[in-house]
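Residues per chain are reported as follows:
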Amino acid sequence: MAVSLNRRDFLLASAAGIAAASISRAATAADGNDPYLGLKMGIQSYSLRGFKKAEEALELTKKLGLKYWESFPGHIPMSTVPKHIEAQKGLLAKEGITCFSYGVVGFDGNENAAREIFEFAKAMGIKSLSADPKPDAATFDLLDKLVAEYDVAIAIHNHGPKHRYDKISDVEKVVKDRHPKIGACVDTGHYLRSNENPVEAVQRLNKRVFGVHLKDVKTLPNGEKQFKIAGEGDLDVTGLLKALKAMKYEYCVAIEYEENESNPMPDIEACLKHVRECALKLV
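Note that this is a predicted model, so its numbers are computed, not measured. (Residues numbered from 1 in each chain as written. Predicted model: local features only at pLDDT ≥ 70, side-chain atom pairs only at ≥ 80, totals over all residues. Heavy atoms only, no water.)

Draft legend 1. Broad picture of the overall build of the protein. Secondary structure summary: the protein contains 11 helices and 10 strands in total. The buried share of the protein, reckoned over its 283 residues, is 52%. Element-wise, carbon and sulfur atoms account for 52% of the exposed surface of the protein, whose accessible area totals about 12,700 Å². (Helix = DSSP H or I, 4+ residues; strand = E, 2+ residues; numbered from the N terminus. Buried < 20%, exposed > 50% of the residue type's maximum accessible area, 1.4 Å probe, protein only. Areas by Shrake-Rupley, 256 points an atom, 1.4 Å probe, with all protein chains shown as cover.)

This is how it looks when you write it as structure tokens:
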């Protein structure tokens, strides 16, 4: 009970802490300008995993001025039971937030398990699934069939060094000649950790980009990779936004900040502030 009260107290404190930024965003919107260049700026709800209840995480998302979610399963458990779907949609609607994508979820050649995920996504109105599919023909033959049937995209998530989708070329290899809705979730931080250029990833994968996890990483003098607030690392945020606009990207751009789990809001707001500053350079 004490933990829940602390979370609620923090919600209220956060509202005061970011009020000025929210007013500024409202004024910008009133002027007819979108501070995110028309991109669907949102958040990977894993960034708010310290707030176990979806209601709290959604309330914080609204306070950040964001309208889109990529939910991780801890906030919206996967279930196709109609009452569950109705309840989750109600929570999202209350705060005016769209659950645009979901993940990260795994796939193999098990059709029943895969269909359950796609049924859930379709019922929720989810447009793309951030995924870690087994890189074999049986899995991708199944995904070819299901993305066409359900009209839900698969966005293969790169998990960083030594993962099977470590490099841009790893994703290119498995999506080649596959259904046009099988593509990539470009996690900018993990590509930086793998010494890959996230902007190049967007440019090369192009129309097969169905998700973006926007996070920053700094390479230290000793070669160590350290997660940072956006703008304090090596990510070219301006270049990323420019590349997404050039390809007319229509899916979610999700801020993902994994540090400071118990008190992430000031850092997330700083990340978003930097994104808005970069966007202004492209107006």
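The discussion continues.
Draft legend 2. Up close: helix α9 (residues 198-205). Buried residues of α9: Pro198, Val199, Ala201, Val202 and Leu205, and no others. End-on view of α9: buried residues confined to an arc of 160°, all on one side of the axis. On its buried side, α9 packs onto α7 (168-175), β6 (182-187), α8 (188-193), β7 (209-214) and α10 (237-246). Between the side-chain oxygen at the start of α9 and the backbone nitrogen of Val199 there is a gap of 2.9 Å, and the oxygen is on Asn197. (Arc of directions from axis to C-beta. Contact = heavy atoms within 4.5 Å. Polar contact = N/O pair within 3.5 Å; in protein donor to acceptor, adjacent residues only side chain to side chain.)

Draft legend 3. Inspection of the packing of helix α5 (residues 111-124) against helix α6 (residues 137-150) at higher detail. Relative orientation of the contacting elements α5 and α6 amounts to 25°, with a least axis distance of 11 Å. With respect to α6, the axis of α5 lies roughly parallel. Along this stretch, α5 crosses α6, giving a crossing that reads as right-handed. On α6, the residues touching Glu111, Ala114, Arg115, Phe118, Glu119 and Lys122 of α5 are Leu142, Leu143, Lys145, Leu146, Val147, Glu149 and Tyr150. Tallied by class, the residues present in the contact of α5 with α6 amount to 7 nonpolar, no polar and 6 charged. (Axes fitted to C-alpha atoms, helices over the stretch in contact; angles between N-to-C directions. Parallel < 35°, antiparallel > 145°, perpendicular 65-115°, else oblique. Left-handed = near helix turned anticlockwise from the far one by under 90°. Nonpolar A, V, L, I, M, F, W, Y, C, P; charged D, E, K, R; others polar.)

Draft legend 4. View of the nonpolar core. Counting 85 residues, the largest nonpolar core has Phe107, Phe118, Leu129 and Ile154 as the members making the most contacts within it. Among the elements that make up this core, the one with the highest residue count is helix α11 (residues 265-280) (7 residues). Each residue touching Leu129, except ones within four places of it in the same chain, is listed here: Tyr102, Val105, Phe107, Ile117, Phe118, Ala121, Val152, Ala153, Ile154 and Ala155. (Core = buried A, V, L, I, M, F, W, Y, C linked by side-chain atoms within 4.5 Å.)

Draft legend 5. Quick peek at the sheet that holds strand β2 (residues 68-71). The sheet built from 8 strands closes into a barrel, its strands ordered β1-β2-β3-β4-β5-β6-β7-β10 with parallel pairing. For this sheet, the mean angle separating the axes of adjacent strands, direction not counted, is 30°. α6 contacts β3 (98-107), β4 (128-133), β5 (153-157) and β6 of the sheet and is inclined by roughly 100° relative to β6. Sheet contacts for α7: β5 and β6; angle to β6, the most-contacted strand, approximately 165°. (Pairing = 2+ DSSP bridges.)

Draft legend 6. Structural detail: the pairing of strand β9 (residues 225-228). Here strand β8 (residues 216-219) runs beside β9; their pairing, made up of 4 bridges, is antiparallel. For Val217, the partnering residue across the bridge sits in β9 and is Phe227.

Draft legend 7. View of unusual backbone geometry. Cis peptide bonds are those with omega within 30 degrees of zero, and the linkage from Gly103 to Val104 qualifies with 15°. With respect to the helices and strands, Val104 occurs in strand β3. Despite not being glycine, Asp151 shows a phi value in the positive range, around 55°. Relative to the elements of secondary structure, Asp151 occurs in the loop between α6 and β5. By relative accessible area, Asp151 is classed as partly exposed at 43%. One non-glycine residue, Asn206, lies in positive phi territory at about 45°. You can see Asn206 is positioned in the loop between α9 and β7.

That's the geometry; what it means functionally is another story.
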